[in-house]
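Now for the letters of each chain:
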Amino acid sequence: MRLSAMEGEKVTSVRTFLARHRNRTVRRWAAKIDGMIAAIAPASLAQLALRLALAVPFWRSGLGKWDGFLELNDVAVLLFTSEFQLHLPGGPYPFPAPAATAFVVASAEVMLPIFLALGLATRLAALGLLAMAIVIQLAVPDGWPIHLTWAAMALGLITWGAGRLSLDHWLVSPGGSAR
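For the structure given in this document, a descriptive report is provided here. Note that the coordinates shown come from a computational prediction; the quantities given were computed from them, not determined experimentally.

1. A few points about the overall build of the protein
Right, on to step 1. Along its length, the protein carries eight helices and four strands.
Right, on to step 2. Moving toward the C terminus, one meets the helices and strands of the protein in the order α-α-α-β-β-α-β-β-α-α-α-α.
Right, on to step 3. Here the protein, with 179 residues, has 27% of them falling under the buried criterion.
Right, on to step 4. Contacts spanning at least 24 positions in sequence make up 65% of the contacts within the protein whose residues lie at least 6 apart.
Right, on to step 5. Counting every atom, the protein has about 11900 Å² of accessible surface; 70% of that belongs to carbon and sulfur.

Here's what the structure looks like:
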């Protein structure tokens, strides 16, 4: 290059050149790593895992409250009658209509996890389990670490939905195909 052509050009120091080059290389590598991680754990798989992880503890708890079809066991009613109390300011307070509350809770603990596992009405099912997690927190304040985990999973499902591996996606997408 002739000297006159270089006079009008901006001169870049070696340090600046290397810094720019290094940054591009880092960005490229970061993008490659990000792509590999996304391929290993796609969002739809994470949403399925959230649905199942939230469904299992509620399902197991719900099954333990029944003796047969629409036959609530005595322990479930006893829990809501004498054991569980709502820890609110000025309380604790007993649950209103404990037998009816036990029936509704036991029914929800069985039905909502089924909806979650299938990915059917996922946001609504997750909202129901979020409400239950909040009430459980009020009844068992020392269990906050697990209740917070349930609430976080429910909020994730409410926010991002069921994902592609769900009946929700299949019913909404034309012909069940991915959009």
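2. Describing the packing of helix α6 (residues 122–139) against helix α7 (residues 144–160)
Right, on to step 1. Remark: α6 packs on α7, axes separated minimally by 8 Å, with the N-to-C direction vectors making an angle of 160°. Viewed along their axes, α6 and α7 adopt a mutual orientation that is roughly antiparallel. Considering how the two elements wind past one another, α6 and α7 form a crossing that is left-handed. On α7, the residues touching Thr 122, Arg 123, Ala 126, Leu 127, Leu 130, Ala 133, Ile 136 and Gln 137 of α6 are Trp 144, His 147, Trp 150, Ala 151, Ala 154, Leu 155, Leu 157, Ile 158, Thr 159 and Trp 160.
Right, on to step 2. Per-class residue counts for the contact of α6 with α7 are 13 nonpolar, four polar and one charged.

3. So, the nonpolar core
Right, on to step 1. Leu 54, Leu 116, Leu 129 and Met 132 are the most contacted members of the largest nonpolar core, which totals 28 residues.
Right, on to step 2. Elements supplying a minimum of two residues to this core: α3 (43–63), α4 (74–83), α5 (98–118), α6 and α7.
Right, on to step 3. Not counting chain neighbours up to four residues away, the residues in contact with Leu 54 comprise Leu 116, Leu 129, Trp 150, Met 153, Ala 154 and Leu 157.

4. Structural notes on unusual backbone geometry
Right, on to step 1. With omega at 15°, the peptide bond leading from Gly 91 into Pro 92 counts as cis.
Right, on to step 2. Relative to the helices and strands, Pro 92 is located in the loop between β3 (85–86) and β4 (93–94).
Right, on to step 3. Even without being a glycine, Leu 70 presents a positive backbone phi close to 55°.
Right, on to step 4. In this fold, Leu 70 is placed in the loop between β1 (66–68) and β2 (71–72).
Right, on to step 5. The exposure class of Leu 70 is exposed, given its relative accessible area of 55%.
Right, on to step 6. For Ala 121, which is not glycine, the phi dihedral falls at a positive 50°.
Right, on to step 7. If you trace the backbone, Ala 121 turns up in the loop between α5 and α6.

Quick notes on the rules
- Residues numbered from 1 in each chain as written.
- Predicted model: local features only at pLDDT ≥ 70, side-chain atom pairs only at ≥ 80, totals over all residues.
- Heavy atoms only, no water.
- Helix = DSSP H or I, 4+ residues; strand = E, 2+ residues; numbered from the N terminus.
- Buried < 20%, exposed > 50% of the residue type's maximum accessible area, 1.4 Å probe, protein only.
- Contact = heavy atoms within 4.5 Å.
- Areas by Shrake-Rupley, 256 points an atom, 1.4 Å probe, with all protein chains shown as cover.
- Axes fitted to C-alpha atoms, helices over the stretch in contact; angles between N-to-C directions.
- Parallel < 35°, antiparallel > 145°, perpendicular 65-115°, else oblique.
- Left-handed = near helix turned anticlockwise from the far one by under 90°.
- Nonpolar A, V, L, I, M, F, W, Y, C, P; charged D, E, K, R; others polar.
- Core = buried A, V, L, I, M, F, W, Y, C linked by side-chain atoms within 4.5 Å.

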